[in-house]
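Listed here are the chains, written in short residue letters.
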Amino acid sequence: MSSPTRPLPVAPNRIELAIGGMTCASCAARIEKKLNRMNGVTATVNYATEKATVSYADDVTPDDLIATVTKTGYTAALPPPPSPSPSPESATAAAEPVDELRGLRTRLWVSVALAVPVVVLAMVPAWQFDYWQWLSLTLAAPVVVYGGLPFHRAALINLRHGAATMDTLVSLGTLAAFGWSLWALFLGDAGMPGMTHPFRLDITRTDGAGNIYLEAAAGVTVFILAGRYFEARSKRTAGAALRALLTLGARDVAVLRDGVETRVPVDRLAVGDRFVVRPGEKIATDGVVDEGTSAVDASMLTGESVPVEVGPGDTVVGATVNAGGRLVVTATRVGGDTQLAQMARLVEQAQTGKAAVQRLADRISGVFVPIVIALAAGTLGWWLGAGAGPTAAFTAAVAVLIIACPCALGLATPTALLVGTGRGAQLGILIKGPEMLESTRQVDTVVLDKTGTVTTGRMTLVDALPADGEDAAELLRLAGALEAASEHPIARAVAAGAADAGPLASVTGFANVEGLGVTGTVDGRELTVGRPRLLRERGLDVPDEIERAVTDAEAAGRTAVLAGWDGRARGMLAVADVVKPTSAAAVAGLRALGLTPILLTGDNATVARAVAAEVGIDEVTAEVLPADKVDVVKQLQADGRTVAMIGDGINDAAALAQADLGLAMGTGTDVAIEASDLTLVRGDLTAAVDAIRLSRRTLAIIKGNLFWAFAYNVAALPLAAAGLLNPMIAGAAMAFSSVFVVANSLRLRRFRPARVG
């Protein structure tokens, strides 16, 4: 942080740096701290995306920023310059992410293959043949040196900066075990033919010259390496939301030049260009409609379930879908200025804040490691002062480091996550990583998106009310037949509802009145179906009871469509985005977990209040623009609330990333799913109740694992310091602690979904 006594220069320049070499969130915090100490620099470092966003004054250069990161022990690089017209080959290459985990995966499997025989030979005395210890050395050496290299490198960086993390503990313990084994083999008695690890459970004081700890060094390296691999694989998905957003828009566009349509890549579109959007196509970029009228499906971006009617002079947003007629649009914003690109930046900024969460093991290690080092040094000094000789003194000191090496700690988080995520997948819940588990215990507020989360997200016919003396079945049959000829989403909802009741008649003379409705002939009757205005313009009388029905439907948040023939409106059809059957029970279940539900939507307040009342939600925030949803979440957090967000649309992505816990409906967009912490595969809101329960249970198991992993160390440390550490007891204790951690994690398999409602 900047010193309060130092003036804060203006930082007009902004840049992103690609950061390399980070192994945990504490690395990101260290880089951020060093950059912010520079005059005129404000920086945030995102561990998840491995980027630093830096604002800096004119007297600071990017090279200065890179030099500061390098001095801190990490790498930094400027982003590549944008290409104005990328070739198809480069576009394809960019779409295929490099397998960044390949090196770590190779390191893990090589280490597993070499370490298994070492551990088996050490733990089964009957298989310890002549010179088995030298075979163990041959196999264990690559594991400790090659497999453990990431930990040793990180520990060295931490040492230079006076920090102690999980890497420090792993490196110290494995190198101590391996180094002592080398001494015992070459200078002690452990290298003699016929040497065995006797199966003795008594506590005896030895000089350590005949003891080797190769299985401890190799086994711990493999366990921790496996945990690091699974964590890295989980972290890698953090940037997928941004990639999904950037690939969401149209790839090419039909530009009008001299009256001729020319198909060009969308990145060649310039402000002021006129382009054509046909029915079913995505709108290439933000712009203003010049010609044509249509209904635009903007639900993925805005969350509004009802399509937006547009005509000349109306603005449209890139990546939304033209659901109706042909449009000619003038581009007003392109590239990084579009609403889609701005939402991508919001998602990344939100993820930057979440990346500051420290791993549990690192926080515990920050206290535990210095204590272990001090105890080892004290043990060495005490034994030397007692006149026991250097061999016994070093044996006891090294034993302290060996017994402190976190064998079970490497399994504590990965095994619980593995079992928890597996059980979650069986229940339709995907848990992405350990970072979000801490927040599930503290969450007190749950923000629910309306469209596609609480409701189905699609228009459905909910009522057919005939005028006095008319038949409801006939009203639905005729209106549905006419609407079946239209491509409008509301018309499709009416047609689908009519088709469920029976076969639809044929239509002749069909005509579409843009923005108002449709006309045509069905069974010899001239039909008009649409808004009340259209029927009045066509000279059809609208009875008072139909007027009242329209008012009541709109007050309930529904869209009313009238159908008329022979000079009179014959009935009203109500269409709405209906509430999912399980939503009310799910809201009750969330309340039972101590959460306060809030409905957040871009829809109008009338619709929002009607939906909220139906499912039992008291707090409603409606008519919120997509970019403002993240501000609502930030305000709740500023008020001291810990917020969970449940959504499904692109417009929810930034809010999902900003929330302390993001849950995405599996029926939603890829962008929302990638930006979330949990995915509810079956798209059922009751899964959110189970997701929070399972996350809290998994966190409790992880904390229990960490406690027992360290408790074993703490219990054995006094024996090691007293010189009473028998190798067999050390091996058995390590094995038992690992078995206990695995068995404790397996309890998650018995997790059962709650009976909601």
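Residues numbered from 1 in each chain as written. Predicted model: local features only at pLDDT ≥ 70, side-chain atom pairs only at ≥ 80, totals over all residues. Heavy atoms only, no water.

As recorded in an unreviewed UniProt entry, the protein chain goes by Heavy metal translocating P-type ATPase and comes from Micromonospora harpali. Under Subcellular location (unreviewed entry), UniProt gives the following word-for-word description of the protein chain: "Cell membrane". Of the comments in the UniProt record for the protein chain, the one headed Sequence similarities (unreviewed entry) reads "Belongs to the cation transport ATPase (P-type) (TC 3.A.3) family. Type IB subfamily." (UniProt positions renumbered as here; feature names shortened; annotations may be inferred.)

Some remarks on the confidence of the model for the protein chain
Across the protein chain, the average pLDDT comes to 79, with 80% of residues at 70 or higher. When the criterion is pLDDT under 50, residues 1-11 qualifies, and its contacts beyond four places in sequence or with other chains add up to 16 contacts. The low-confidence segment residues 82-98, where pLDDT is below 50, has five contacts with residues more than four positions distant or belonging to other chains. (pLDDT = per-residue confidence, 0-100. Contact = heavy atoms within 4.5 Å.)

Re the sheet that holds strand β12 (residues 321-322)
Each strand in a sheet pairs with another by means of backbone hydrogen bonds, the pair being arranged parallel or else antiparallel. Reading across from one edge, β10-β9-β12 is the order of the three strands in this open sheet, with antiparallel pairing throughout. Each edge of the open sheet carries a strand with a single partner, namely β10 (308-310) and β12. By the bridge criterion, three bridges tie strand β9 (residues 294-297) to β10 in an arrangement that is antiparallel. Looking at β10, one finds that S294 is bridged to V310. (Pairing = 2+ DSSP bridges. Helix = DSSP H or I, 4+ residues; strand = E, 2+ residues; numbered from the N terminus.)

Focus: the packing of aromatic side chains
Counted under the stated rule, the structure contains three aromatic pairs. Ring centres 4.9 Å apart and planes at 25° place the aromatic pair W180 and W183 in the stacked group. Here W183 and W180 lie together in helix α7 (residues 166-186), a separation of three residues that amounts to about one turn. For W180, a relative accessible area of 8% corresponds to the buried category. Taken together, a centroid distance of 5.2 Å and an interplanar angle of 90° make the contact between W382 and W383 edge-to-face. The ring of Y146 carries the charged tip of R107 above its face, separated from the ring centre by 4.6 Å. (Phe/Tyr/Trp six-rings, centres within 6.5 Å; stacked < 30°, edge-to-face > 60°. Buried < 20%, exposed > 50% of the residue type's maximum accessible area, 1.4 Å probe, protein only. Lys NZ or Arg CZ within 6 Å of the ring centre and 35° of its normal.)

Brief notes about the UniProt feature "transmembrane region" (unreviewed entry) in the protein chain
Mapped onto this structure's residue numbering, the UniProt feature "transmembrane region" (unreviewed entry) falls at residues 108-125, 131-149, 169-188, 208-226, 364-384, 396-419, 705-722 and 728-746. Each end of residues 131-149 is marked by a C-alpha atom, and these two atoms are 27 Å apart; helix forms 89% of the span and strand 0%. Helix makes up 94% of residues 705-722 and strand 0%, with an end-to-end C-alpha separation of 27 Å.

Considerations on the packing of helix α17 (residues 472-483) against helix α18 (residues 489-501)
Across the interface, α17 lies against α18 with an axial gap of 8 Å and an inter-helix angle of 130°. On the basis of their axis angle, the class for α17 and α18 is oblique. Handedness of the crossing formed by α17 with α18: left-handed. Facing α17, whose interface residues are L476, A479, G480 and E483, α18 presents A491, V494, A495, G497, A498 and A501. Its residues assigned to classes, the contact of α17 with α18 comprises seven nonpolar, two polar and one charged. (Axes fitted to C-alpha atoms, helices over the stretch in contact; angles between N-to-C directions. Parallel < 35°, antiparallel > 145°, perpendicular 65-115°, else oblique. Left-handed = near helix turned anticlockwise from the far one by under 90°. Nonpolar A, V, L, I, M, F, W, Y, C, P; charged D, E, K, R; others polar.)

Considerations on the environment of L504
Looking at the secondary structure, you find L504 in the loop between α18 and β17 (507-513). Between the alpha carbons of L504 and L478 there is a distance of 7.8 Å; along the sequence they are 26 residues apart.

Quick notes on the pattern of salt bridges
This structure, assessed with the given rule, holds 21 salt bridges. The partner of E470 in a salt bridge is R568, with the nearest N and O atoms 3.6 Å apart. One end of the pair, E470, is in the loop between β16 (455-466) and α17; the other, R568, is in strand β21 (residues 568-579), and 98 residues separate them in sequence. Among the residues examined, E470 registers a relative accessible area of 24% and is labelled partly exposed. Note that E474 is salt-bridged to R525, the shortest N-O span being 3.0 Å. (Salt bridge = Lys/Arg side-chain N within 4 Å of Asp/Glu carboxyl O.)

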